[in-house]
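# Summary of the model geometry
One-letter residues, chain by chain:
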Amino acid sequence: MRPAPATAAALRLTQLVASLRDELVETRRDLHAHPELARTEERTTRVVADRLRVAGLEPHLLPGSGLVCDIGPGHAATGRGRVALRADLDALPVADECGLPWTSTHRGVAHACGHDVHTTAVLGAGLALAELAAAGELAAGVRLVFQPAEEVQPGGSLDVIREGALDGVSSIFAVHCDPKLDVGLVGTRIGPITSASDEVTVTFTGPGGHTSRPHLTGDLVYAMAQVVTQVPAILGRRLDPRSGVNLTWGAVQAGVAHNVIPGSGSVRGTLRCLDVRAWEKASQVFHDAVEQVVAPYGVEVEIRHQRGVPPVENDERATGVLEAAARDVLGEASVTLTEQSLGGEDFAWYLQKVPGAMARLGTRTPGGRTYDIHQGDLVVDERAVEAGALLLARAALLAGARP
């Protein structure tokens, strides 16, 4: 049972969100049943926009998919920037194996990262805040940002920023589902909470030859093996070890016969880093390391480093707002220190422009199974929708009230 809200304002907000509880759960189930991949979230956008219009708001549709929607007075009336609340709309190309009545109706597509929860939580927060705005109880304006294409790099947030979503915004907040946390708990951390995430590919070419005569050709497979084993170690010595740099290979491809040195091959992997300054240096260090490692072996390399997203670096003050909001509406014991993750999240691009913070939102039923995100069998405790809406709405109120 959730503890009583800490203040009268928190109580009012709790009552507003509670009145939306059943509707929000039904909306989340509808979105879960109709997932859409990155940059195709037209139906999801329409569902959200239609509900906002019913509430008397005027959502602005973004090109393709996604929307922004302002609530309450802007800077001209308050002298303050708007507080933005961000949700991501897209699903993943995995089969839904949750086994529930609202399982995905789109074969091979599922909300396996909880974006249906994120979207519904921001929608619920927006609807509650709209009620407060209508009653003249909103000190600063709020902007809802429903963003497409979080699951593809470098992320749909860049498109949204280019469309002006952060114009007039002073801070931004978001949540991300965490199936390792019990529902009702919120995980926070000042500084990096996620990692930079880049894709790297090294393509090798050589003359090829017979495995009995490696000295007469470029031993391509051996050169590949040196890159696979040595380059991660070199990065660990050339970059600050406190930056959490991690190069992990996911695909190694070369040759078809046991006695033929192939003439081509490739390795592919991810380069992750928890520190944005080390991330900015990593590309050149990676290139230099690969070229130096293969130099003795008579093969050529082509290096492709696809920059992804920087780390999400939570602002100290914004993190404090999220923690205060959680304690107000979810209880004093609701806040826990979360671990850093080597996963990537394009919310980071917003934080390159304005201060803000992301919190981990507990979705595990207490005593129940611990699931993992990006897996088709993910099941969330739907009480997380209301918890997320409460947290974000209260954070918007607290951030908007601060000078």
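Residues numbered from 1 in each chain as written. Predicted model: local features only at pLDDT ≥ 70, side-chain atom pairs only at ≥ 80, totals over all residues. Heavy atoms only, no water.

### Focus on the sheet that holds strand β2 (residues 67-71)
- As summarised here, the arrangement of the 8 strands in space is β1-β2-β4-β3-β5-β16-β6-β15, forming an open sheet in which the pairing is mixed. Whereas interior strands pair on both sides, the edge strands pair on one side only; in this sheet they are β1 (60-61) and β15 (335-337).
- Of the pairings in the sheet, the one linking β2 to strand β4 (residues 142-147) comprises 5 bridges and is antiparallel in character. Residue pairing in the sheet places Ile71 in a bridge with Val142 of β4.
- Together, β1, β2 and β4 form the strand contacts of helix α3 (residues 42-54), whose direction differs from that of β2 by roughly 20 degrees.
- Packing of helix α5 (residues 115-134) onto the sheet brings it into contact with β2, β3 (82-88), β4, β5 (169-182) and β16 (356-364), and relative to β3 it is tilted by some 150 degrees. (Pairing = 2+ DSSP bridges. Helix = DSSP H or I, 4+ residues; strand = E, 2+ residues; numbered from the N terminus. Contact = heavy atoms within 4.5 Å. Axes fitted to C-alpha atoms, helices over the stretch in contact; angles between N-to-C directions.)

### Here we look at the packing of aromatic side chains
- Overall, the coordinates contain 3 aromatic pairs when judged by the stated rule.
- Taken together, a centroid distance of 6.4 Å and an interplanar angle of 65 degrees make the contact between Trp279 and Trp349 edge-to-face. On the criterion of sequence distance, the pair formed by Trp279 in helix α8 (residues 276-294) and Trp349 in helix α10 (residues 348-351) is long-range, its members being 70 residues apart.
- You can call Trp279 buried: its relative accessible area is 8%.
- Taken together, a centroid distance of 5.8 Å and an interplanar angle of 50 degrees make the contact between Phe347 and Tyr350 tilted. (Phe/Tyr/Trp six-rings, centres within 6.5 Å; stacked < 30°, edge-to-face > 60°. Buried < 20%, exposed > 50% of the residue type's maximum accessible area, 1.4 Å probe, protein only.)

### A few points about the UniProt feature "domain: Peptidase M20 dimerisation" (unreviewed entry) in the protein
- Within this structure's numbering, the places UniProt gives as "domain: Peptidase M20 dimerisation" (unreviewed entry) are residues 199-295.
- What you have in residues 199-295 is 39% helix and 31% strand, and the ends, taken at the C-alpha atoms, are 23 Å apart. (UniProt positions renumbered as here; feature names shortened; annotations may be inferred.)

### So, the environment of Gly356
- If you trace the backbone, Gly356 turns up in strand β16.
- Counting along the chain gives 39 residues from Gly356 to Arg317, while the straight-line C-alpha distance between them is 8.1 Å.

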